[in-house]
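Chains, contacts and geometry: an overview
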Amino acid sequence: MARTRWPGELPGAGWDRGVPLGYLKALAEYWTTTYDWRRHEAQLNDLPQFTTIIDGQNVHFVHVRSAEPEALPLIVTHGWPGSIVEFLDILGPLTDPAAHGGDPADAFHTSSPRPSPVSGSPARPTKRAGTSRESPEPGPS
């Protein structure tokens, strides 16, 4: 990021024409010098992660079970763009409410699937969602 060649910016455009250059430069500086990716990576890797096949599609998900035997199942989903990172602060209170000042009877077993298709994902969809028809081969681009 330190070698980025920054574009010019229209004077006075602000957010009307995209991300202001100053904001973007500050964000890049934060990612380069301050953000602790390894800490966040370790936090994500601590979560129980699985894959399964649903309707012929490989689905990746995080499944955090509660220790409470009567916990209810809860699917926690996010949209695009988004990720399980959005839920890191709520998984503990949902699966172990007693440790967070809540009632153990309010516990959940959580599952958080990753929506597909995902850029860079090794597993690509083989058919359109909600259909049983195989996706056609991509044509020339």
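Heads up: the structure comes first, above all this text.
Below: a short report on this structure. (Residues numbered from 1 in each chain as written. Predicted model: local features only at pLDDT ≥ 70, side-chain atom pairs only at ≥ 80, totals over all residues. Heavy atoms only, no water.)

1. As for the overall build of the protein
What counts, and what does not: Under the scheme used here, helices are H or I runs from DSSP no shorter than 4 residues and strands are E runs no shorter than 2 residues, and both carry numbers assigned from the N terminus. Each residue is assigned to one of three classes by its accessible area relative to the maximum for its type, calculated with a 1.4 Å probe on protein chains only: buried under 20%, partly exposed between the two thresholds, exposed over 50%. Contacts were defined at the residue level, with two residues in contact if any of their heavy atoms lie within 4.5 Å. Accessible surface area values rest on a Shrake-Rupley calculation with a 1.4 Å probe, where residue burial reflects the displayed protein chains alone.
Helix and strand counts for the protein stand at three helices and four strands. When the helices and strands of the protein are placed in sequence order, the string is α-α-β-β-β-α-β. In the protein, which comprises 141 residues, the share counted as buried stands at 21%. A separation of at least 24 residues holds for 51% of the contacts in the protein among residues at least 6 apart in sequence. Total accessible area on the protein stands at roughly 10800 Å², and carbon and sulfur atoms take up 56% of it.

2. Section: the pairing of strand E4 (residues 108-113)
Going by this rule: Note on pairing: DSSP must find at least two bridges between two strands before they are called paired. Crossovers are described as right-handed under a simple rule: with the strands pointing away from the observer, the path leading from the first strand over the helix to the second runs clockwise.
With four bridges joining them, strand E2 (residues 57-64) and E4 adopt antiparallel strand pairing. Within E4, the position partnered with valine 62 by the bridge is serine 112. Relative to E4, strand E3 (residues 72-75) is paired through four bridges, and the arrangement is parallel. Among the inter-strand pairings, proline 73 is bridged to a residue of E4, identified as histidine 109. Traced from E3 through helix H3 (residues 88-95) to E4, the parallel crossover comes out right-handed.

3. Brief notes about the pattern of salt bridges
Stated formally: Any carboxyl oxygen of Asp or Glu that lies within 4 Å of a side-chain nitrogen of Lys or Arg is treated as forming a salt bridge with it.
Applying the stated rule across the entire model yields one salt bridge. Salt-bridge contacts for arginine 38 lead to glutamate 41; the nearest nitrogen and oxygen are separated by 2.5 Å. With arginine 38 and glutamate 41 both in helix H2 (residues 37-45) and three residues apart, this pair spans about one turn of that helix. By relative accessible area, glutamate 41 is classed as partly exposed at 24%.

4. Focus: the side chain of serine 112
In plain terms, the rule: Polar contact is defined as a pair of N or O atoms within 3.5 Å, subject to the rule that within protein one atom must be able to donate a hydrogen and the other to accept it, and that residues adjacent in sequence are counted only when both atoms are side-chain atoms.
On the secondary structure map, serine 112 appears in strand E4. Among the polar contacts listed, one links the side chain of serine 112 to the backbone oxygen of valine 76, at a separation of 2.8 Å. Here serine 112 is in contact with His60, Phe61, Val62, Val76, His78, Ile84 and Phe87, once residues within four sequence places are set aside.

5. Some thoughts on the sheet that holds E2
What counts here: Orientation is described by axes fitted as lines to C-alpha atoms, over the contacting stretch for helices, and by angles from 0 to 180 degrees between their N-to-C directions.
Spatial ordering of the open sheet is given by E1-E2-E4-E3, a layout of four strands whose pairing is mixed. Only two strands of the sheet have a single neighbouring strand rather than two, namely strand E1 (49-54) and E3. Strand-to-strand, the axes of this sheet are offset by a mean angle of 30 degrees, without reference to chain direction. Strands in contact with H3 are E2, E3 and E4; relative to E4, the strand with the most contacts, it is inclined by about 150 degrees.

6. Here we look at a nonpolar patch on the surface
We apply this condition: Patch building starts from residues that exceed 30% relative accessible area and form no salt bridge, then joins like charges within 9 Å and nonpolar side chains (Val, Leu, Ile, Met, Phe, Trp, Tyr) within 5 Å.
Together, Met1, Trp6, Trp15, Val19, Tyr23, Leu24, Leu27, Tyr30 and Trp31 line one region of the surface with nonpolar side chains, adding up to about 930 Å² of accessible area. The residue tryptophan 31 is located in helix H1 (residues 21-33) in this model. Relative accessible area serves as the criterion here: at 42%, tryptophan 31 is assigned to the partly exposed category.

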